[in-house]
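Structural description and commentary
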Amino acid sequence: MILEMAYESEKAMTHIIIHLLGPFEVSLNGEPLTKFRSDKVRALLAYLCVESDGAHRREKLAGLLWPDFPETHARTNLRRTLSDLRDVIGDRVEQGNALPSANLLRITRQTIQFNLESEAWVDVKTIIKTLAAAHPTIADLEAGVACCRGEFMAGFSIPDNTIFEEWLLFQRERFSRLTLDALQRLIEAYATEGAYTRALPHAWRQVKLDPVSEKAHRQLMRILTYDGQTSKALAQYETCREILLEEMGIEPSEETAALYRLIKNGELTASEQEKIRLPAFLVEGEGAEDKRAVFVDRESELTRLNQSLVQVLAGQGHVV
């Protein structure tokens with residue numbers, strides 16, 4: 001509850017809130033904005049929010065939204081769509097005299113860009129920032145997971161525009177992976193400190209989002225067992241088996257079957273010795289100067305690789 005309140009408080013401090021993870025929703029000063037004149041207006045706002053690292057030339061945006069139109073016609077449509085967007089979000093402060101945070105968009109005769117200094121809160125930026133951080137806390141991960149309400153722009157489509165549809169599909173895959181990554185890291189963080197009850201809702205959600213992932217099923221089976229729900233853990237194996245047979249025509253891997261046998265034989269337990277104390281940076285409210293020893297295994301290396309992958313997906317490529 002405290003984490004949810006902090007998440008809502010962060011949004012409350014901004015004057016415009018944009019949800020793209022799940023159904024497209026925008027609100028201004030707490031009031032939903034519903035007078036978008038077309039899906040192209042929504043598409044333009046979504047694209048600028050996600051691709052906010054640089055300014056976009058007008059001819060590029062025109063080609064994205066009207067790929068089959070002559071350039072002159074496409075740019076005319078872009079001008080009208082941009083005007084409609086500015087009307088609906090109230091983005092009409094004169095840019096030459098405005099404070100950096102006054103407008104949602106930065107507009108010149110040649111380019112358009114989402115204003116990163118604006119007071120807008122955008123859910124996709126929250127999850128990217130959370131997972132790209134070197135040491136996100138449990139509270140950070142909770143906030144990131146909370147903003148992932150569903151598929152990127154769920155139910156949205158521009159059927160006659162292959163270029164935009166391809167971009168939309170890529171973003172859906174990208175943010176699906178980011179959501180699963182955030183869930184996995186949050187589950188591991190809670191499990192590491194023995195907070196299995198707090199880990200369980202996230203473990204269930206991970207399986208629901210990626211039902212053919214044996215890794216997700218195994219993680220849920222372990223958490224259920226550690227939480228004393230052995231019968232549910234065994235039933236989850238059968239659920240996993242049914243899904244794999246129906247969706248892929250295969251049996252669970254030996255690793256999953258071996259885990260099932262361990263649980264069935266009562267050989268998988270979470271003793272106090274197996275509970276590893278979290279580093280200070282992962283525990284909300286603990287100081288960074290904690291000097292107590294921290295157990296480190298290969299999970300840290302895997303986490304760093306996952307973080308690198310997240311950064312690559314966010315356009316921050318580098319060598320590992």
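Scroll up for the structure.
Structure report, in brief. Bear in mind the structure is a predicted one, so any value in this text is a computation, not a measurement.

As a further point, take the overall build of the chain. A count of helical and extended segments in the chain gives 12 helices and seven strands. Here the chain holds 320 residues, and 44% of them are scored as buried. By sequence separation, contacts in the chain at least 24 residues apart represent 59% of the contacts at least 6 residues apart. Approximately 17,300 Å² of the chain is accessible, and the part contributed by carbon and sulfur atoms is 52%.

Phi is positive for N29, close to 50 degrees, though the residue is something other than glycine. With respect to the helices and strands, N29 occurs in the loop between β2 (25–28) and β3 (31–32). Of note in the backbone geometry, M153 takes a positive phi value of approximately 45 degrees without being a glycine. Mapped onto the elements of the fold, M153 is located in the loop between α6 (138–146) and α7 (162–192). Residue M153 is classed as buried on the basis of its relative accessible area, which comes to 0%.

Spatially, three strands are ordered β4-β6-β5 in an open sheet, and the strand pairing comes out antiparallel. With one partner strand each, in any of the chains shown, β4 (56–57) and β5 (105–107) form the two edges of the open sheet. Sheet analysis places β4 next to strand β6 (residues 111–114), joined by two bridges and oriented antiparallel. Within β6, the residue paired with H56 across the bridge is I112. Helix α2 (residues 39–50) contacts β4, β5 and β6 of the sheet and is inclined by roughly 70 degrees relative to β6.

A few words now on the packing of aromatic side chains. Geometry of an aromatic ring pair is reported as the spacing of the ring centres plus the angle between the planes. Inspection of every chain in the model, using the stated rule, returns eight aromatic pairs. On the basis of an interplanar angle of 70 degrees and a centroid distance of 6.3 Å, the ring pair of F156 and F164 is categorised as edge-to-face. Like F156, the residue F164 is buried in the burial classification. Where Y196 meets Y226, the ring centres are 5.3 Å apart and the plane angle is 50 degrees; that geometry is what we call tilted. Of the two residues, Y196 is situated in helix α8 (residues 196–209) and Y226 in helix α9 (residues 214–226); the sequence distance between them amounts to 30 residues. Judged by relative accessible area, Y226 falls into the partly exposed class, the value being 26%.

Quick notes on the rules
Residues numbered from 1 in each chain as written. Predicted model: local features only at pLDDT ≥ 70, side-chain atom pairs only at ≥ 80, totals over all residues. Heavy atoms only, no water. Helix = DSSP H or I, 4+ residues; strand = E, 2+ residues; numbered from the N terminus. Buried < 20%, exposed > 50% of the residue type's maximum accessible area, 1.4 Å probe, protein only. Contact = heavy atoms within 4.5 Å. Areas by Shrake-Rupley, 256 points an atom, 1.4 Å probe, with all protein chains shown as cover. Pairing = 2+ DSSP bridges. Axes fitted to C-alpha atoms, helices over the stretch in contact; angles between N-to-C directions. Phe/Tyr/Trp six-rings, centres within 6.5 Å; stacked < 30°, edge-to-face > 60°.

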